[in-house]
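Here's the letter readout for the chains.
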Amino acid sequence: LNIFFRYTIPSANPTLFDKVKAKVKSTFDFSLEKFSHQLRVYKSEEEIELLKKVWEITMEAHEWAMRLTQPNAHEAYIRAVTSFVLESHYSSHAYPPIVASGAHGRTLHYSVDNDILRDGELILMDVGGRRFGYCGDVSRTWPVNCKFTPDQKELYNLLIKAQNVVYLTASEWTKRSVTTRELISASSKFLCDNLKKLGVPADKCSAVTRHSVSHPIGVDVHDASVLPEIVIREGFAFTIEPGIYFSDDSWVPKRFRQMALRIEDDCIATTRESKKQNVICPTAKYARSIKAIESICGSALMPE
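Residues numbered from 1 in each chain as written. Predicted model: local features only at pLDDT ≥ 70, side-chain atom pairs only at ≥ 80, totals over all residues. Heavy atoms only, no water.

## Quick notes on the packing of aromatic side chains
By the definition in use, this model includes four aromatic pairs. Ring geometry for Phe148 versus Tyr156: centroids 5.2 Å apart, planes at 55°, classification tilted. One exposure class covers both Phe148 and Tyr156, and it is buried. Measuring from ring centre to ring centre gives 5.5 Å for Phe246 and Phe256, while their planes differ by 20°; the resulting arrangement is stacked. Of this pair, Phe246 sits in the loop between β8 (243-245) and β9 (260-262) while Phe256 sits in the loop between β8 and β9, and the two are 10 residues apart along the sequence. As far as the burial class goes, Phe246 and Phe256 line up, both buried. Through successive ring pairs, a cluster of aromatic residues spans Tyr42, Phe236 and Phe238. The ring of Trp64 carries the charged tip of Arg67 above its face, separated from the ring centre by 4.8 Å. Geometry around Tyr245 places Arg210 over its ring, the cationic atom sitting 5.5 Å from the centre. (Phe/Tyr/Trp six-rings, centres within 6.5 Å; stacked < 30°, edge-to-face > 60°. Buried < 20%, exposed > 50% of the residue type's maximum accessible area, 1.4 Å probe, protein only. Helix = DSSP H or I, 4+ residues; strand = E, 2+ residues; numbered from the N terminus. Lys NZ or Arg CZ within 6 Å of the ring centre and 35° of its normal.)

In structure tokens, the structure reads:
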């Protein structure tokens, strides 16, 4: 339309010309970007199979990283393990990998990966593969020494429960209209209520949780990013990723200072896979619970 009006000779009445131009544009003008993103929101059965495969490869990379974790190893070493696994499956990183130990986990997009893994600290790893144009996006948090402390367990289990709250909310899509904004609200309320019980001031909740709990995923890691709110329907692929990030400020309970944890899984709203579930999260069946992580962590290391 802009091209049309640029090269159309204005009428003798400029005011009339402007009115006609405005009317035509308001009737026919639309965002091609927004339109194309709307086409990408709900995946076909073929797309879902491609996503499930790259998610499987992504989780293999995560589990191998856990198996080869030990104190005094290097963040870059763990990153290299994930690169090797992805590339051995003809995949690549969908985004710069995040391997953040200790306080580095508070930096959401930490990509320096140049520090030592210290005994007693946590590793927050956010790694996703890309294969045949489709992406994975998964986060796991585990101890450098492969054993969660009681305080680490308390926060980790809180995130597991937050994931479940979001999962149950999303699962209502077959009964009523559920939007991505509702997932964010459900997570925020649950985490803020429980952080308050742990001694976090009510007005500091957003400073601890810091980011949205979900985003669409597909040909982009943050797929259909121009759409502010999406109705969950058949074929909608999305993440569930609650996180907690504590600074060393005086208002932070001492036992949690400098801790950073995130758990992120990739999910699909679908009734085709199971009669009992209308949301499936294929990545959640891999090492996710404390027991599973402690069992696999360090298991591939050579005995001293």
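## Some details on helix α5 (residues 75-88)
Along its 14 residues, α5 runs 20 Å from first to last C-alpha, staying within 8% of the 20 Å computed at 1.5 Å per residue. Of all the positions in α5, only Glu75, Ile78, Val81, Thr82, Ser83, Val85 and Leu86 are classed as buried. Where α5 is buried, its residues touch α4 (45-67), β1 (92-93), β2 (98-101), β3 (122-127) and β4 (129-131). Of the residues one or two after α5, Tyr90 is the one with positive phi, at around 60°. (Expected span 1.5 Å × (residues − 1). Contact = heavy atoms within 4.5 Å.)

## A word on the environment of Gln258
Considering the arrangement of structural elements, one finds Gln258 in the loop between β8 and β9. Overall, Gln258 belongs to the partly exposed group, its relative accessible area being 29%. C-alpha separation for the pair Gln258 and Phe246, spaced 12 residues apart in sequence, amounts to 5.2 Å. When residues no more than four places from it in sequence are discounted, the contact partners of Gln258 are Gly102, Ala103, Arg106, Phe246, Ser247 and Asp248. Engagement of the side chain of Gln258 in a polar contact is seen with the side chain of Arg106, the distance being 2.6 Å. (Polar contact = N/O pair within 3.5 Å; in protein donor to acceptor, adjacent residues only side chain to side chain.)

## As for the state of the cysteines
Using the criterion set out here, one finds three disulfides in the structure. Here Cys146 engages in a disulfide with Cys297; their sulfurs sit 2.1 Å apart. Across the S-S bond of Cys146 and Cys297 the torsion is about -60°, and the bridge reads as left-handed. Note that Cys146 is positioned in the loop between β6 (138-143) and α6 (150-170) and Cys297 in the segment after α9 (290-296), a separation of 151 residues in sequence. Judged on exposure class, the residue Cys146 and its partner Cys297 are both buried. Between the sulfur atoms of Cys192 and its disulfide partner Cys205 the distance amounts to 1.9 Å. (Disulfide = S-S within 2.5 Å.)

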